[in-house]
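# Commentary on secondary and tertiary structure
Residues per chain, in single letters:
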Amino acid sequence: MSYKGIKIIPFKMSKNRILRKLEFHYLQGHLLINILKKYKITREDIVLIYSSDSDLFVHREILKYKKKIGFKTASGVAEWFPNSIFKSKRDWKAYNICFEQYLPQHDLIFPISTYIDNYLTKKKCNTMCLPIMADVHEYPKEIKSFDKIKFIFPGNGLMKDAIEVVLKSFSQLTSDEKERVELHLCGVKREKIEEVLTFQEYENLKEILVIHKWMEYKELIKLYQAMHFLVLAREENQMTLANFPSKVPEAMCYGVVPIVSRIGDYTKYYLEDDVNSLIFDGCDIDLCLEKIHKALSMTQQEILKLSLKARECAESKFDYRNWVGKIHHALENI
């Protein structure tokens, strides 16, 4: 298999449910080592691990084989989960061992945020902070229609984003405002919406809701191309400080203007309020609603100006081409 010139070597899991679970949790490291052996890895190579930090066995086996062969290793760290997210002490212990003991053994670490980077540098790790990247030129930026002002909330499995704040904010729009608005939801089931809203709030909201089921990537891009604003409300905690949501630069590539809580690196170093985004402090319904009202009060030209600046930010800050030289230098010097 290949993707844009990159050779992909998949390993197949067993069809037996029990064996597949065993392979996924305990044998992935061994399977990967067998592939490295097959391709005759040498001390001149670099192994880059982009894997969940809870994959204790992957890190352990790669580091063990590294000592034998002498190759270099680098690891990407895109999350830092708190203890409360784990279902059992056993899972938390495995995650903690990986984060505290195995990650520092890699020759280079790519933390996705300065929050993770600061922690790892205190542990004497060799790091290069690398935000989420995008390919600005992968798909074109289409001309947007203004028949409605279209907002998108792209959810995720762990719901780092406070969907309740976003939905309750939109439920408070006036009838006149709602006639001009569409709220598109991705990765969110209707049951979840009904769970976080009162009956009246849902009734106030349902006429503007467009709920999308799972989409192919090209379909998601087509949706982004039509959107004007992306809305994310986030509470400040370890998970949101450590994370860098891929949906922000991804949507900005298509001129979608972020309306977001002031949290993490993206609002500290990249987004500018009233320049390429609308930023509110905290994770509060009234504050979120205030920025939604502001978006709705803008003229078409004002929205297009923000949209252009959002696209420029994606191109100058998040496009992977800006980072190629820095990544190459970091890898050359481990």
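Scroll up for the structure.
This write-up is about the structure you can find in this document. Quantities reported herein were computed from a predicted structural model and do not represent experimental measurements.

### Details of the sheet that holds strand 9 (residues 229-232)
The strand order across the open sheet built from 6 strands is 8-7-6-9-10-11, with neighbouring strands paired in parallel fashion. At either end of the open sheet lies a strand with only one pairing partner, and these are strand 8 (209-212) and strand 11 (278-280). When strand polarity is set aside, the average angle formed by the axes of neighbouring strands in this sheet is 20°. Sheet analysis places strand 6 (residues 149-154) next to strand 7 (residues 181-186), joined by 6 bridges and oriented parallel. Bridging from a neighbouring strand, Lys150 pairs with Glu182 of strand 7. Packed on one face of the sheet, helix 5 (residues 163-171) meets strand 6, strand 7, strand 8 and strand 9 and runs near 160° to strand 7.

### A look at the pattern of salt bridges
Tallied over the entire structure, the rule returns 15 salt bridges. Between Lys168 and Glu201 there is a salt bridge, and its shortest N-O distance comes to 2.7 Å. Here Lys168 is found in helix 5, whereas its partner Glu201 is found in helix 8 (residues 199-205), with 33 residues between them in sequence. Taking the relative accessible area as the measure of exposure, Lys168 reaches 12% and is therefore buried. Residue class for Glu201 comes out buried when judged on its relative accessible area of 18%. Close ionic contact of Asp274 with Lys294 constitutes a salt bridge, the shortest N to O distance being 2.6 Å. Placement of the pair is Asp274 in the loop between helix 12 (265-270) and strand 11 and Lys294 in helix 13 (residues 285-297), with a sequence separation of 20 residues. Given the relative accessible area of 41%, Asp274 is considered partly exposed.

### Details of the environment of Glu138
Counting through the fold element by element, Glu138 comes out in the loop between helix 4 (114-122) and strand 6. On the accessibility criterion, Glu138 (26% relative accessible area) is partly exposed. Contacts of Glu138, omitting those with residues within four sequence positions, involve Tyr3, Lys4 and Tyr217. A distance of 3.5 Å separates a polar atom in the side chain of Glu138 from a polar atom in the side chain of Tyr217.

### Observations regarding the nonpolar core
Membership of the largest hydrophobic core comes to 88 residues, with the highest contact counts inside it found for Phe151, Leu167, Phe170 and Phe229. In terms of residue count, the dominant contributor to this core is helix 14 (residues 300-318) (6 residues). Setting aside residues no more than four positions away along its own chain, Leu167 makes contact with Leu183, Leu185, Ile193, Val196, Leu197, Leu205 and Leu209.

### Details of helix 14
With 19 residues, helix 14 ought to run about 27 Å at 1.5 Å a step, and its terminal C-alpha atoms sit 26 Å apart, in line with that. All of the buried residues along helix 14 are Ile303, Leu306, Ser307, Ala310, Arg311, Cys313, Ala314 and Phe318. What you see down the axis of helix 14 is that its buried residues fit within an arc of 155°, all on one side. In helix 14, the exposed positions angled more than 90 degrees off the buried face are occupied by Gln301 and Lys305.

### Considering the pairing of strand 3 (residues 46-49)
The side chains of a regular strand alternate, residue by residue, between the two faces of the sheet. Along strand 3, the buried face is formed by Val47 and Ile49; none of Ile46 and Leu48, which line the opposite face, is buried. Bridge count between strand 3 and strand 4 (residues 72-77): 4 bridges; the pairing is parallel. Its bridge partner lying in strand 4, Ile49 is registered against Ser75.

### A short note on the packing of aromatic side chains
The geometry of two aromatic rings is summed up by the distance between their centres and the angle between their planes. Per the stated rule, a full pass over the model turns up 17 aromatic pairs. Geometrically, the ring pair formed by Phe244 and Tyr270 is edge-to-face, given 5.8 Å between the ring centres and 65° between the ring planes. Remark: Tyr270 occurs in helix 12 and Phe244 occurs in the loop between helix 10 (238-242) and helix 11 (247-252); sequence separation between them is 26 residues. Here Phe244 and Tyr270 have matching classes, each one buried. One aromatic cluster in this structure is built from Trp80, Phe81, Phe86, Tyr95, Phe99, Tyr115 and Tyr119.

### Side note on unusual backbone geometry
Not every positive phi belongs to a glycine, and Lys4 is a case in point at roughly 50°. As for its placement among the helices and strands, Lys4 is situated in the loop between strand 1 (2-3) and strand 2 (6-7). Of the residues examined, Lys4 reaches a relative accessible area of 62% and is grouped as exposed.

### Looking at helix 13
End to end, helix 13 covers 18 Å across 13 residues, agreeing with the expected 18 Å (1.5 Å per residue, within 8%). Within the span of helix 13, buried status applies to Cys288, Leu289, Lys291, Ile292, Ala295 and Leu296. Taken around the axis of helix 13, the buried residues stretch over an arc of 160°, which confines them to a single face. Turned more than 90 degrees off the buried face of helix 13, the exposed positions are Asp286 and Ser297. With a side-chain oxygen positioned 2.9 Å from the backbone nitrogen of Asp286, the residue opening helix 13 is Asp284.

Reading the values: the criteria
Residues numbered from 1 in each chain as written. Predicted model: local features only at pLDDT ≥ 70, side-chain atom pairs only at ≥ 80, totals over all residues. Heavy atoms only, no water. Pairing = 2+ DSSP bridges. Helix = DSSP H or I, 4+ residues; strand = E, 2+ residues; numbered from the N terminus. Axes fitted to C-alpha atoms, helices over the stretch in contact; angles between N-to-C directions. Contact = heavy atoms within 4.5 Å. Salt bridge = Lys/Arg side-chain N within 4 Å of Asp/Glu carboxyl O. Buried < 20%, exposed > 50% of the residue type's maximum accessible area, 1.4 Å probe, protein only. Polar contact = N/O pair within 3.5 Å; in protein donor to acceptor, adjacent residues only side chain to side chain. Core = buried A, V, L, I, M, F, W, Y, C linked by side-chain atoms within 4.5 Å. Expected span 1.5 Å × (residues − 1). Arc of directions from axis to C-beta. Phe/Tyr/Trp six-rings, centres within 6.5 Å; stacked < 30°, edge-to-face > 60°.

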